[in-house]
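Structural description and commentary
Listed here are the chains, written in short residue letters.
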Amino acid sequence: MTSEAEMEVEEGYISPPPTLPSTRCSVQAGSMRRGSDVLSTSRGTVRERGRNRSWLLSSIITVNVLILGIALVSGSVFNNVKINAINLQIFLIVLIILTTAWMLYYTIYTSREDHAVLYKDSHAGPVWLRGGLVLFGLCSLIMDVFKIANYVGYLHCDSAVKIVFPVLQAVFILVQTYFLWLHAKDCVQLQRNITRCGLMLTLSTNLMLWMAAVTEESLHQTVVPPEDGNSTHSYDIRASGGYSSCNCSHSACAVLEKAYYYLYPFNIEYSLFASAMAYVMWKNVGRLVDEHNHHSLHFRLKDVLVGPAVGLVMLVAGLGTFVIYEVDVKKGDPGKRDTVLMIHYVMNTVAVTLMSVSTVAGCAIYRLDQRDHVSGKNPTRSLDVGLLIGASIGQFTICYFTIVAVVATGAEGHLNALNLAVSLLTVIQLCLQNIFIIEGLHREPFHEDMHQASVFTNPYVLQAQAHRDIHNLPGTFMETKMSPALTVHSMHVAPSGSPLPQRHRLTWKRRALKEICAFLLLCNILLWIMPAFGARPQFDNTIGAEFYEFTMWAAVVNIGLPFGIFYRMHSVASLFEVFLTS
C-alpha cells in the first residue's frame, strides 16, 4: 500500500511547509527548516518516481497502437485479399470511440474538481494555434459531409462502415476541437496516470488518422508510369476490397469524390495540430508553472509593409503558375508538360532564392540583437524545434535523391538543370530557415521603450515613518506588521525627457525582422499549397522514376513529401510566433 505522503504527492495535494514564528529561537527554526527540507525532498522523489511510471505506461500504449496501425495501413494498401480499407476503418473507429469517451470524461471531471487544474501554461495553445485548429477542423467536417454523401451512393453494394467512419470522425473532430480549445493550457494535478494515458491515446488516434489520410492522398496523387499500360492514378488500381464493380446510385459521386480529395490537406494538418497540442498537454501533466516570465504578445502590422507586399506578390504569382501547371499537366501533352514544369521550377527557384537572402539578413540582425535568450525549459518551444528539424528531413530526402539522380544522368537539358538548381537551393533555404526560426523562438520578446525600475524599501524605516505620521494625525489608527525581508516594488519609469510613457515607432531591427517574418510566412504558405493540392513534379518529371525505378522512387516521394508539406505549415506557425515576439 502507498503511504499517506505518497498518496498526497501522487494526487497533487502538496501542502506548504509550516510557517515559522519570526520571534522563535534560531536553533528551533533551523531544525524545523531542515525537517521541512527532508520532507520536501522525500515528496519530490516520490513525485518523480510516479511521473516516470506514468510516462512509461502511456508511452507503451502509444507504441503498441502506432505499430499495429502501421501494419494495418500497410496491409490495406498492398494486400487485396486478407486486409482492406474497411478493416483499417474498423480499427480507427475503435480508437475514435475510446478517445472521444476519454475526452468527455476529462472535461466533466475537471469541471467538477476544483483542484484538478491548478496551473495553466500560457505558452501552450496560443489563440492563433487554436484558431488554426478550428479552421482546419471546419474544413475536415466539410470533407466528412462530402464523404458521407458520396458513400451513400454505394450503400446498396458496399459496406456501411464507409459511412459510419466519416460520421464518427465528424463527431470526434467536434469533441476534440472543443476539448483542445478549453484545455490546451491545462497542467493537470489530479489523476495524472489516467490523464497521461488518455492524452497518449489521443495523440495515437490523431497520428493514425493522419497516417491513413496521407496514405489515401498519396495513392490518389501517385501517377503510374505509361509503360505499365495504365496512365491513371494508382488509387484507381489499388486493392478495393472486392467492390470494383459497385456503381454509384446518384450522379454526384464523381464531383463529391473530387471535392473531398481537395479537402484532404486540411484534414491532414488538423490531425497534426491536434497531435502537437495533445503532446504538450501530456508534457504539462503535473507541471508546476512559473508565469513570471510570460509576455503578452499582440499582432500588429503597423509600420510593416514591404515584407507582406512582396510576399503577397509571390503568393499570387505562385498560385497563378500552380493553376497553369495543374491544367496543362492533366491534358497529357508532353510538350505542354515540359513547359509548365519549367515554369514551376523557375517559380520555385525565385521563391527559395529570395527566402534564402531574407533569412541571411535576418540572421545578421540577430547578431546585432541585444535581446536575451529565453531561459528555462518549455515543452511548447522544445516541440516546435523538434518538429521543425524532424519534418525538414522529408524535404531534404527528396532533394538529395533528386540531386543524385540528375547529376548521375548528366543533367542534360534546361529542365534537368532547373530541377537540380531548385533542389540545391531548397537544401540551402531549409538550413537557413531552420537557423532563423530556432534563433527567433529562443529570443526574449522586444520590450517597449520603457524601463521597469525596482525600488527596494526597508520595512523598518517605513514603519518608523508610519508611527511618526500616526502621532501627527490624531484619531488615525493603522495596523502594522513586522517583516524581516525587504519589500520590492516595481514601477515603470519613462525615458529621460518624457513625462509620461508612450509608444514609439518600431526600431529598424524590429521592423526588419517583422518584414522578413511576414515575407517568409507568405512564401511558406505558397510552398505548402502547391504540393498539398496536387503538384507532383517528382512524378511528372520522369528522371527520378527512371533512375531509381518507379517502386523505390514512389516510396521516397510518398514518405518524404507529407513531412515536407507539414514542414511548410509548421514553419508558418513558427514564423508567426517569431513575428509576434519581434
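Only a predicted model underlies this, so the values are computations on that prediction, with no experimental measurement involved. The numbers attached to residues start from 1 for each chain and follow its sequence in the written order. Only residues with pLDDT of at least 70 are given local features in this predicted model, and only at 80 or more are side-chain atom pairs given and counted; all residues enter the totals for whole chains, interfaces and linings. Note: side-chain values were computed over all heavy atoms of the structure, leaving out hydrogens and water.

**Focus on the overall build of the protein**
Counted only if it meets this: Secondary structure elements are taken from DSSP: a helix is a run of H or I of four residues or more, a strand is a run of E of two residues or more, and numbering for both begins at the N terminus. Burial classes: relative accessible area under 20% of the type maximum marks a residue as buried, over 50% as exposed, and values in between as partly exposed (1.4 Å probe, protein chains only). The contact definition used throughout considers only heavy atoms, calling two residues in contact when any of these lie within 4.5 Å. Methods summary: accessible areas were calculated by the Shrake-Rupley approach with a probe of 1.4 Å, and residue burial reflects only the protein chains presented.
What the protein contains, in helices and strands, is 18 helices and 4 strands. The proportion of buried residues among the 582 residues of the protein is 48%. Long-range pairs, those at least 24 residues apart, make up 88% of the contacts in the protein between residues at least 6 apart in sequence. Entry remark: accessible area of the protein is about 29,800 Å², with carbon and sulfur atoms responsible for 65%.

**Some thoughts on the state of the cysteines**
Filter applied, for reference: Cysteine sulfur atoms that pair up within 2.5 Å are treated as a disulfide.
The final tally for this structure, using the stated rule, is 1 disulfide. Two residues share a disulfide in this structure: cysteine 248 and cysteine 253, whose sulfurs sit 1.7 Å from each other. Between cysteine 248 and cysteine 253, the disulfide has an S-S torsion of 50 degrees and is therefore right-handed. Assessed through its relative accessible area of 4%, cysteine 253 is described here as buried.

**A few points about the nonpolar core**
Convention followed: Residues belong to one nonpolar core when they are buried, are Ala, Val, Leu, Ile, Met, Phe, Trp, Tyr or Cys, and are joined through side-chain atoms within 4.5 Å.
Core analysis: the largest hydrophobic core is formed by 128 residues, its most contacted members being Leu92, Phe179, Met208, Phe436 and Trp528. Non-local contacts of methionine 208, meaning those with residues more than four positions away in its chain, are made with Val65, Leu66, Gly69, Ile70, Val73, Phe91, Leu92 and Leu95.

**Concerning the packing of helix H11 (residues 334-368) against helix H15 (residues 508-532)**
Selection rule: Between the N-to-C directions of two axes lies an angle of 0 to 180 degrees, each axis being a line fitted to C-alpha atoms and, for a helix, fitted only over the stretch in contact. To sort the angles, those under 35 degrees are grouped as roughly parallel, those over 145 as roughly antiparallel, those from 65 to 115 as roughly perpendicular, and the leftovers as oblique. Two helices cross in a left-handed way if the nearer one is turned anticlockwise from the farther one by less than a right angle. They cross in a right-handed way if the turn is clockwise. Lys, Arg, Asp and Glu make up the charged group, whereas Ala, Val, Leu, Ile, Met, Phe, Trp, Tyr, Cys and Pro make up the nonpolar group; the residues left over, Gly among them, are polar.
Where H11 meets H15, the closest approach of the two axes is 10 Å, and the angle between their N-to-C directions is 150 degrees. One way to sum up the angle between H11 and H15 is to call them roughly antiparallel. Along this stretch, H11 crosses H15, giving a crossing that reads as left-handed. Of the residues that constitute the contact of H11 with H15, the class distribution is 18 nonpolar, 6 polar and 1 charged.

**Focus on the pattern of salt bridges**
Short version of the rule: Think of a salt bridge as a Lys or Arg side-chain nitrogen and an Asp or Glu carboxyl oxygen that are within 4 Å of each other.
By the definition in use, this model includes 3 salt bridges. One salt bridge in this structure joins lysine 162 and aspartate 158, with 3.1 Å as the shortest N-O distance. Taking relative accessible area as the criterion, lysine 162 reaches 16% and is therefore assigned buried. You can call aspartate 158 buried: its relative accessible area is 14%. Here aspartate 338 makes a salt bridge to arginine 337, at a shortest N to O gap of 3.6 Å. Assessed through its relative accessible area of 28%, arginine 337 is described here as partly exposed.

**Thoughts on a nonpolar patch on the surface**
Using the following cut-off: Patch membership needs two things, relative accessible area over 30% and no salt bridge, and members are linked within 9 Å if like-charged or within 5 Å if nonpolar (Val, Leu, Ile, Met, Phe, Trp, Tyr).
A cluster of nonpolar side chains, Val127, Val134, Tyr178, Trp181 and Leu182, forms an exposed patch at the surface whose accessible area comes to about 480 Å². Among the elements that make up the nonpolar patch, the one with the highest residue count is helix H5 (residues 161-183) (3 residues). Mapped onto the secondary structure, valine 134 falls in helix H4 (residues 127-152).

**Things to note about the packing of H4 against helix H9 (residues 264-284)**
One way to put it is that H4 packs onto H9 with a least axis distance of 8 Å and a crossing angle of 135 degrees. By the criterion of interaxial angle, the relationship of H4 to H9 is oblique. Our pair here, H4 against H9, has a crossing hand that is left-handed. Contact residues: Leu129, Arg130, Gly132, Leu133, Phe136, Gly137, Cys139, Ser140, Met143 and Lys147 in H4; Tyr264, Phe266, Asn267, Glu269, Tyr270, Phe273, Ala274 and Met277 in H9.

**Examining unusual backbone geometry**
The phi angle at glutamine 191 is positive, at roughly 50 degrees, despite the residue not being glycine. Its location among the elements puts glutamine 191 in the loop between strand S2 (186-188) and helix H6 (192-221). Even without a glycine there, the phi angle at glutamate 549 is positive, about 75 degrees. Summarising the element assignment, glutamate 549 is placed in the loop between helix H17 (543-548) and helix H18 (550-581). A relative accessible area of 55% means that glutamate 549 is categorised as exposed.

**Focus on the packing of aromatic side chains**
Applied cut-off: In summary, the pairing rule links any two rings of Phe, Tyr or Trp, Trp by its six-membered ring, whose centres are within 6.5 Å, and it sorts them by plane angle into stacked for under 30 degrees, edge-to-face for over 60 and tilted for everything else. Lysine and arginine charges are scored as sitting over a ring when NZ or CZ, respectively, is within 6 Å of the ring centre and within 35 degrees of the ring normal.
Within this structure, the stated rule accounts for 21 aromatic pairs. An angle of 85 degrees between the planes, with centres 5.3 Å apart, marks the rings of phenylalanine 136 and phenylalanine 273 as edge-to-face. Residue phenylalanine 136 is found in helix H4, and its partner phenylalanine 273 is found in helix H9; the two are separated by 137 residues along the sequence. Just as phenylalanine 136 is buried, phenylalanine 273 falls in that class too. Their ring planes at 90 degrees and their centres at 4.8 Å tell us that phenylalanine 547 and tyrosine 548 sit as a pair that is edge-to-face. The buried category is assigned to tyrosine 548, whose relative accessible area is 12%. Ring pairing ties together the aromatic residues Phe136, Phe266, Phe273, Trp528 and Phe533, which thus form one cluster. Seen from the ring of phenylalanine 579, lysine 514 lies directly overhead, with NZ or CZ sitting 4.1 Å from the centre.

**What about the confidence of the model for the protein?**
Selection criterion: Scored from 0 to 100, pLDDT reflects the predictor's confidence in each residue.
Confidence in the prediction for the protein averages 76 pLDDT; 72% of positions are at 70 or higher. Averaged over each element, pLDDT in the protein is lowest for helix H7 (residues 234-237) (36) and highest for H5 (93). Every residue in residues 1-27 is under pLDDT 50, and counting partners more than four places away or in other chains gives 27 contacts.

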